[in-house]
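Structural features, examined
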Amino acid sequence: MLALAPYEIPTSPVAMLGTLTLAAAALVNAYALVTGIAGQRRGRPDLIRSSLHAAWAFTALMFVASGLIVYAFLAHDYSIRYVAHYSDSSMPFFYKITAYWGGLDGSLMFWVWVLSIFSACALYVNRERHKDLIGWVVATIAAVNAFFLFLLLFHKNPFQTFLTHAPLEGEGLNPLLQNYWMVIHPPSLYLGFVGMTIPFAFCIAALASGRLDDAWLRSVRIWVLIPWFFLALGLTLGGIWAYEELGWGGYWAWDPVENAGLLPFLTGTAFLHSVMIQERKGMLKIWNVVLVIATFFLTIFGTFMTRSGVVQSVHAFGEDNQLALLFILFMAAILVISVGLLLYRLPQLRSSNVLESFVSREFAFLLNNWVLLAAAFFVLFATMFPTLSESIMGTRITVGPPFFNKWMIPIGLTLLLLAAIGPLLAWRVTTRRRLVDQFMLPIAVTTLATGLLATIWPRARATSAFMSDSVQLPVALLCFWLVFFSLATVGQEMFRGARIRRKQTGGDFVTALVGVVLTKRRKYGGYIVHIGIALMFFGFAGKRFSQERDMALEVGGKPYALGGLSFRFEEFLPNDTIHRREENARVSVMKGTELVTTLYPAIYRYRAGKQERTTEVAIERNVEQDIYVVLNAYDPESKVGSFKVFLNPLVNWVWLGFGFLAFGTAICVLPERVLALMLRSRVPVAVMLVVGMSLGGALGGARVASAQQAPAVVPAAPTAPTAPTVPTAPTAPTAPTAPTDNAAPAPLDHSHAADVEADTPQVARKLFEDLVCLCGDCKRLTLAACGCGWADRERKQILAGLAKQDLSTGAKEGVAYRLVMAEYRARFGPVVFTVPEDSPFNRLAWLVPYIVFGGALLLVVLLARSWVRRGRAATAGAAGAAQSASAADGPVDKRDGEYDERLDDELRDTD
């Protein structure tokens, strides 16, 4: 009888040990859950201490599990399916670590590991401070851990091995993720998402224990502020990654995954403002509990969106109906338990809400909260609208950036206005004299600065659509005015605080400014955050003035002009490495006869795995604008390269603004010991500013190293450019092919150099913004933003069709627009539109945001009106009693009263 070779099933000690570690962590977590509840219910301090120790042991076990998966990546253990799918032997060291969270299974385990670290720190800090509710905190965190551990053990185990022979080489991490920003971007977002579990746990513990005073709220505020900062960091790093890696010239496209991070950031911002009202006035207790619950729920909902396939995104992990069902059940449990506890404790949460004036900081915060919640609701509704339309109508209706911008621009400007006005208003009531004193100088300075900007930079006066295509306003100039106004108000408040501090302590102005910032760090740290937000809006406004153009350039041929610059393709420099082929282009950027810079855009074609390609952009950064060059394709026979060039004004102000935001947040969370050390050493304010600005500089000044630096072959010096030529008009293109997944770039057609800045009609630019690219790779990008071959062909076809029509009047442009949109609907259906088409269903659906916004605003006004009446009545009663007492004591000098009021205002301003 023939002896058959035994069938070998791959085994891995790392996989076995990792699975056992997760199982042990699940048991320890279950013990922490049970003992936390039992100890709190029975009043057993020993059980509560045991639950704390179990929580810390759980953290240790998750460190072991994380270390094992990282070791598996570094050791190339391809018997583990997750390792084989997301790494290969040629990947650099740091990207092998990044692969830990590069896939769905690993990202879920990374979530649990980060939560274990957060919970260990929070429980250690509060173990003695909140003994009467710490057991409930442990139990709540353990319940969240239990859900994710269930997913890891029974549905998405990252240590699962192959059932057959293991591959000899891995598939490799997605090349788009092999970017240095991706090493820190996902962990930052995870820290933001996961960190919101801690305030939720304290909130549930307070509701369960009945301890609803402000003590738990003081502990919660710092644990909201820390993850709030990491959400801001993650969103900013994600914007930098998209800007540098995707090659579409922008940093924010309202992608569902971007929106998933923005939603809890908005509600967390609302909580950080409204919690100040509760601390000062005892108001909004119910509202603050609702905000904490909503913020945590949105972090889970965002995780559900990106991991279930309910939304289409370039960042999503793919469709998984079973995982989607499990998340839906978990979210339902969160709502039932948290809302049930809230309703049960509702009588104890009621407070005497008293508002003495509409012209007060309290009312400004109320409006700020309403606008933030309106923004969150709109983003959530618009993000889920394609899924809702598909489930109701059977057709997936795409909602793209133009529609988001239509609504979010006015909402953002309103928030910027409220951020500028808030510091100028007093608590309780703002007198008419204070209004004049506070607003007169900032308005004068702002108007002068805006007029100067409009004179020096005429483009700032350009108009754009606002809320409606027929309404054209200088929206960017309005944004600049609000930015200057916000900076002026914060500057005035900081100057006055430093001046008062100098009167009290003596010394120089700089020392007084440092002292007032460090002693009143919550207030002045918040002001610095407001400076950062204003600077970011300054950068956002620059998007209105962006210029872009497709260029077909021949090696050593004539240059192409854009925005006063000329671009010349000097040399093509191929380069082979171990795991990819690099196609580098050397492009000279000239201004007249002066060389501005030399850029090296590239295409990387990876050998391992799916042999994907990435576009590596080249960026020349400066304060005024970025020069942004993308190489789309190169034809070696004709030696012609297809480039897309962007001129992006003011982009780096966004990154600089985040630097100030980070600096202000650091001041707000500064420990007392560090504060005392800084006060003793008299650290000058210049050092503090350098630290904050360096954060923004590190982000804003970073280049795309692989594309910006010269490749291994040293190119020759550029020759003097010839005069730039004007591109020829596009000729009629061939019919486009149907889009397919992973579509390759289109063959180069050198006669079709589309000029999106100067030569393209306005109606064509609007069509490019209102139509989605359907190539399959760049999901949800518009034809204007996408640089793939399919989008290029469609743009050329639209231009060729419009060239045959009469566009002499606005009415005729409208007819041409409707004809093209009707043609695209016939070819692809409504999925190709970025703005929902006009239909009875869509009109009815989009009434929902109107109704919610209007109803919420009406409710805020009615509540505020009731509170103002109550407050005025209480104030009138107190004033009558004071008047009776003063009549018995004799007359009062009004001048002394005015002086006391000014002194009280000054002291309150420094509080």
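This text goes with the structure placed above it.
Residues numbered from 1 in each chain as written. Predicted model: local features only at pLDDT ≥ 70, side-chain atom pairs only at ≥ 80, totals over all residues. Heavy atoms only, no water.

**Thoughts on the packing of helix H11 (residues 285-308) against helix H14 (residues 361-393)**
The relative placement of two packed helices comes down to the angle between their axes together with the axis-to-axis distance. The contact between H11 and H14 brings their axes to 13 Å, and the two run at 25 degrees. In terms of their interaxial angle, H11 and H14 are classed as roughly parallel. In terms of crossing hand, the pair formed by H11 and H14 is left-handed. Residues Trp 287, Leu 291, Phe 301 and Met 305 of H11 form the contact with H14, whose participating residues are Asn 369, Leu 373, Leu 380, Thr 383 and Met 384. Taken together, the residues of the contact of H11 with H14 sort by class into 7 nonpolar, 2 polar and no charged. (Axes fitted to C-alpha atoms, helices over the stretch in contact; angles between N-to-C directions. Helix = DSSP H or I, 4+ residues; strand = E, 2+ residues; numbered from the N terminus. Parallel < 35°, antiparallel > 145°, perpendicular 65-115°, else oblique. Left-handed = near helix turned anticlockwise from the far one by under 90°. Contact = heavy atoms within 4.5 Å. Nonpolar A, V, L, I, M, F, W, Y, C, P; charged D, E, K, R; others polar.)

**Notes on a nonpolar patch on the surface**
A cluster of nonpolar side chains, contributed by Leu 74, Phe 93 and Phe 94, occupies part of the molecular surface with about 320 Å² of accessible area. In this fold, Phe 93 is placed in helix H4 (residues 93-98). Phe 93 sits in the partly exposed class, given a relative accessible area of 48%. (Patch = residues over 30% accessible without salt bridge, like charges linked within 9 Å, V, L, I, M, F, W, Y side chains within 5 Å. Areas by Shrake-Rupley, 256 points an atom, 1.4 Å probe, with all protein chains shown as cover. Salt bridge = Lys/Arg side-chain N within 4 Å of Asp/Glu carboxyl O. Buried < 20%, exposed > 50% of the residue type's maximum accessible area, 1.4 Å probe, protein only.)

**Brief notes about helix H26 (residues 810-828)**
Compared with an ideal rise of 1.5 Å per residue, which puts 19 residues at 27 Å, H26 spans 27 Å between its outermost C-alpha atoms and is within 8% of the ideal. If you check which residues of H26 are buried, you get Gly 814, Ala 816, Tyr 817, Val 820, Met 821 and Tyr 824. Buried residues in H26, looked at end-on, bunch into an arc of 165 degrees, giving them a common side. Away from its buried face, by an angle of more than 90 degrees, H26 presents the exposed residues Ala 811, Arg 818 and Ala 826. Each element contacted by the buried residues of H26 is listed here: helix H24 (762-770) and helix H25 (789-803). (Expected span 1.5 Å × (residues − 1). Arc of directions from axis to C-beta.)

**Quick look at unusual backbone geometry**
Although it is not a glycine, His 76 sits at a positive phi angle of roughly 60 degrees. Structurally, His 76 can be placed in the loop between helix H2 (45-74) and helix H3 (81-86). A relative accessible area of 29% means that His 76 is categorised as partly exposed. Despite not being glycine, Lys 639 shows a phi value in the positive range, around 60 degrees. Residue position: Lys 639 is located in the loop between strand S11 (625-635) and strand S12 (640-649). Classification of Lys 639 by relative accessible area gives partly exposed; the value is 47%.

Taken by themselves, the reported measurements are silent on function.
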